[in-house]
Amino acid sequence: MSDNFDLASHYPWLPSSLIKYYSNLPDDPKEFISEIFSSTISEEISERTFEIFKAAFNNLENVVYYKLDKLNVYMYLLIKILLIVLNDKLLTNRVANLYSKINYYDLLEENDYNIYHICNEELNLNVQYLPEGEVYGNKSYENNQQQVITNFKIFFIDYLNLVANLRDEYRKLINNPLSNGFVFLKKKTLIRLLQEYVRNKIKEVEIKEITKKDDLLNIKGFRELLEKISAAWKNRKDEIEYYEFDGTEDASFYPPCIQEIRSKAKEGQNLIHTERLLILWFLLALNVPIEDIVKFFSTMPDFDQEKTTYQVNFAKRKGYKVYLCETLKSLDLCRANKDKEKICTEGYYSKTQEAQRKISSPLQYVHVRQHRNRRESKNKSNINN
Amino acid sequence: MSDIDYLKRLFQDYYRKKTNQIPPIDSLNQREFGFIPWDDIIIMNRHISFVNYEAFKNYLSKFSPRHIYSSGALYNNPDHTDMNKKGYLGCDFLIDIDVDHFYTPCKKDHDLWYCKKCGKNGIGMAPNKCPKCENSQFKSLSWICEKCLSLAKNEIFKLIEDFLLPDFKINKEELKVVFSGHRGYHLKIENEKIRNLSGAERREIVDYLTGENISYEILGLNDLNSNLYFLEDNYGWTKKIINKIKKNIHDYPNDVLKDILSDFGLNREIIEYILNDKNNFLKNLWKIKGLGEKTWVNFLKNITKNLGAKIDVPVSIDIHRLIRYPGSLHGSTGFRVQELSLSELETFKPLNEINQEIDPIVFAEKKDVKIKIEILENKVPSIKIKGKTYGPYNKGTIEIIPLHVAVFLLCKGVAKTRSFIDD
Ligand code: SF4
Ligand SMILES: [Zn+2]
Ligand SMILES: [Zn+2]
């Protein structure tokens, strides 16, 4: 637990931390980097940073060698710069996941006041502290009643901002206690939302774009660290390399809603529940082999090979049907209008029915594309003859 | 003079003489405007903007378009034709409640549909597929009616009193309500913070307002083994659902209740049990023979649907929507898009309003003007305006009617004018 004055060094992503330690940070990170790597901390910071990256490659939840000291603050900036130079989305997401998780565990140790302070004073969130606690309902176990009580509530708009990328069922506004403009939540849940904030923060490029990458690479210590990370990442990446559907199915025939999920997965972004179901049922319907579907999910931050294999097999046995476009529209997963995809927006001409028909499901989209493709290649071969 | 020219002249007259009744909206110069002119082909001219309120009013008196819209969004360059270059600054939260989008029992008395392919017709809301030829395109005649409009008004009050005020604590002053001029109401929330919400964040609010995507599992409502009365104090939707069940059970006499419960998917045996144990059944669901989780969840879904507000979802999510401008005339009825304060709304009667200030039937002012019209459609339902019923009519009917009724029928495109000299 840290007292109020330490917060800034413990949590380098806090706005006041940056002011305190970097008030004279030059626009070009070169100066900062060369200072670090010519100082006595050079070795230690390199080692600790590499630990973080290594753990991130392996999707670990925590790092043993992590200390809340001043060096931690420098390390935060160094990590951000490294991520910008490496420019690999999958890697960035993994580091962001890990880093935010480490911070989550540390925040759990903070007292109520510090959490309140971080939310309101630092992050400008409208969080209210209820010293006496407020009962916002009951839980019912068999025939026993237990009050649910909390010291925290958060303004619904701030809540929506924080959960924007989470969007799992538990975070949905409708499934939460909302009253008088505030969502009541447990301290732990609030901290979980702060974790989201950290995750996004590390991905954010606030340091002025690094235009002279070469300048940085001329700094010996930095270059060495960068090369070490790159090499280790390359090895690891080959193992988890995202599965490209290069078998019988051509992924370029997939509709926009599916493409969107594929590119998210490719970048190691978390998928919400409905996105996972959609892609799972879709790939199953196209008879993509189970192992390949499991590989698809391997980029997820919470990937667990055994669990996923079980779930995919289970879904296959059950034989679920792919979502219809109509459902996807109501779930806000349809991309037809955003991507202005013609087959999606205008439909296709059905010869048998002599009418323009709308497509009803992502599968049908694939069929229309395949059909067109066959027709085109047939036409081509006609010309050749 | 053609009927279209005639209508246009009437509209123009309104826009010239009543400009003071067209209120300026907040940040008018940053809004995008859209107009549908009096042409045969209906195309909206979008991406129009005005430097100020005066310029907008001048435009109206000069061109007097048939339909007038403005954006919920604010832009740096509202007239840029490329959406990405408009410089989006934020968008008011828009809510559209329109009986077109939900079931009302009286539609079978006044709405008609025709299959575009085989010509089959029917009453009420158009089906998804034509029962005769399976085609899915219809021409429909959706009529305006007091009962429908009062149901739409209930939905607005439900929205405000059950959701926006108690749960979201929206400031009453930030709520702008208008009668749409046709079959519903629009509500706009003008709040700085809400303006910045993304589409996905708006979706979360919409789900909350409609009850869509609720999880009974997370809320603990699907657990037949536990005492659900314990959950009645839980903030948010849980409380709404438990209270609704309790209220229904206590408010309705048994014979009505039987019908309601069976409409909600419960069978006779289950209903019997509930009626015999009115004050206790929610803690003893597991005792009810034949009540499985599936049936119970289905019942909860019906309760949820009943509690949720019936809003037109895409309107609230799409940040680039245009919405009818308050004070303008609706080109399919000739009625004014009428701004209303919440207290005015309570007693407001769109088709028979006595307070002239907020009377949407603006052409009723000219009481003595009568018009001779001829009906063009096979069947035209009746309409009750200003306490008097006109119609139903059949094709070819010729009648002399007051100006405001004639404007309505002409705007609807179901009649044409006949000059007196004709006969
Ligand atoms: S129209 Fe259907 S297939 Fe196309 S993007 Fe939307 S949901 Fe996907
Ligand atoms: Zn038909
Ligand atoms: Zn009606």
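1. Section: the coordination of the zinc ion (ligand 3)
All names here are of chain B. Within the protein, the zinc ion (ligand 3) binds to C106 (SG), H110 (NE2), C145 (SG) and C148 (SG); these donor distances fall in the range 2.0 to 2.3 Å. Considering all four donor atoms around the zinc ion (ligand 3), angles at the metal cover 100 to 117° and the coordination shape is tetrahedral. When the donor residues of the zinc ion (ligand 3) are listed from N- to C-terminus, their spacing reads C-x3-H-x34-C-x2-C. On the basis of relative accessibility, which here comes to 13%, the residue C145 falls in the buried class.

2. Some points on the interface of chain B and chain A
Of the residues lining the interface, 31 residues belong to chain B; the matching set on chain A comes to 36 residues. Among the residues chain B hides against chain A, the three largest losses belong to E204, F230 and Y235 of chain B. Together they make up 25% of the total. The tally of links from chain B across to chain A stands at two salt bridges. When the shortest N-O distance is used, the salt bridge between D207 of chain B and K172 of chain A registers 2.7 Å. For the pair chain B and chain A, the number of links is 13 residue pairs in polar contact (both at pLDDT 80 or more). At the level of elements, α5 (192-195), α6 (199-210) and α7 (216-219) of chain B are the ones that each hand at least two residues to the side of chain B that touches chain A. Split by residue class, the side of chain B that touches chain A holds 14 nonpolar, eight polar and nine charged.

3. Examining the coordination of the zinc ion (ligand 2)
Residue and element names in this part refer to chain B. Coordination of the zinc ion (ligand 2) by the protein is provided by C115 (SG), C118 (SG), C130 (SG) and C133 (SG), with metal-donor distances spanning 2.3 Å. Of note is the zinc ion (ligand 2), whose four donor atoms meet at the metal with angles of 103 to 114° in an arrangement that counts as tetrahedral. Summarised as a motif, the one-chain spacing of the donors to the zinc ion (ligand 2) is C-x2-C-x11-C-x2-C. Taken as a pair, C115 in strand β7 (residues 112-115) and C130 in the loop between β8 (121-123) and β9 (138-141) lie far apart in primary sequence, 15 residues in all. For the residue pair C115 and C130, the accessibility class agrees, reading buried in each case.

4. Quick look at the confidence of the model for chain B
On average, residues of chain B score 91 in pLDDT, and 99% of them are at 70 or above. ipTM for the predicted complex: 0.91, alongside a pTM of 0.83.

5. Re the environment of L284 of chain A
Residues and elements named next belong to chain A. Among the secondary structure elements, L284 is positioned in helix α13 (residues 273-285). Of the residues examined, L284 reaches a relative accessible area of 12% and is grouped as buried. A C-alpha to C-alpha distance of 32 Å links L284 and E196, two positions 88 residues apart in sequence. Sequence-distant contacts of L284, that is, excluding residues within four places in its chain, are made with I293, V312, A315 and K316.

6. Looking at the packing of helix α9 (residues 254-263) of chain B against helix α10 (residues 268-276) of chain B
Residues and elements named next belong to chain B. Following both chains from N to C, one finds α9 and α10 inclined at 135°, their axes separated by 10 Å at the closest point. As far as their axial angle goes, α10 and α9 are oblique. Between α9 and α10 the crossing geometry is right-handed. Contact residues: N254, L257, K258, L261 and S262 in α9; I271, E272, I274 and L275 in α10. Broken down by class, the residue content of the contact of α9 with α10 amounts to five nonpolar, two polar and two charged.

Scoring rules and cut-offs
- Residues numbered from 1 in each chain as written.
- Chains lettered and ligands numbered in written order.
- Predicted model: local features only at pLDDT ≥ 70, side-chain atom pairs only at ≥ 80, totals over all residues.
- Heavy atoms only, no water.
- Donors = N, O, S within 2.8 Å, 3.2 Å for Na, K, Ca; no water.
- Tetrahedral: all angles 85-135°; square planar, octahedral: opposite > 155°, others 65-115°.
- Buried < 20%, exposed > 50% of the residue type's maximum accessible area, 1.4 Å probe, protein only.
- Contact = heavy atoms within 4.5 Å.
- Buried area = accessible area lost by both parts, 1.4 Å probe.
- Salt bridge = Lys/Arg side-chain N within 4 Å of Asp/Glu carboxyl O.
- Polar contact = N/O pair within 3.5 Å; in protein donor to acceptor, adjacent residues only side chain to side chain.
- Helix = DSSP H or I, 4+ residues; strand = E, 2+ residues; numbered from the N terminus.
- Nonpolar A, V, L, I, M, F, W, Y, C, P; charged D, E, K, R; others polar.
- pLDDT = per-residue confidence, 0-100.
- Axes fitted to C-alpha atoms, helices over the stretch in contact; angles between N-to-C directions.
- Parallel < 35°, antiparallel > 145°, perpendicular 65-115°, else oblique.
- Left-handed = near helix turned anticlockwise from the far one by under 90°.

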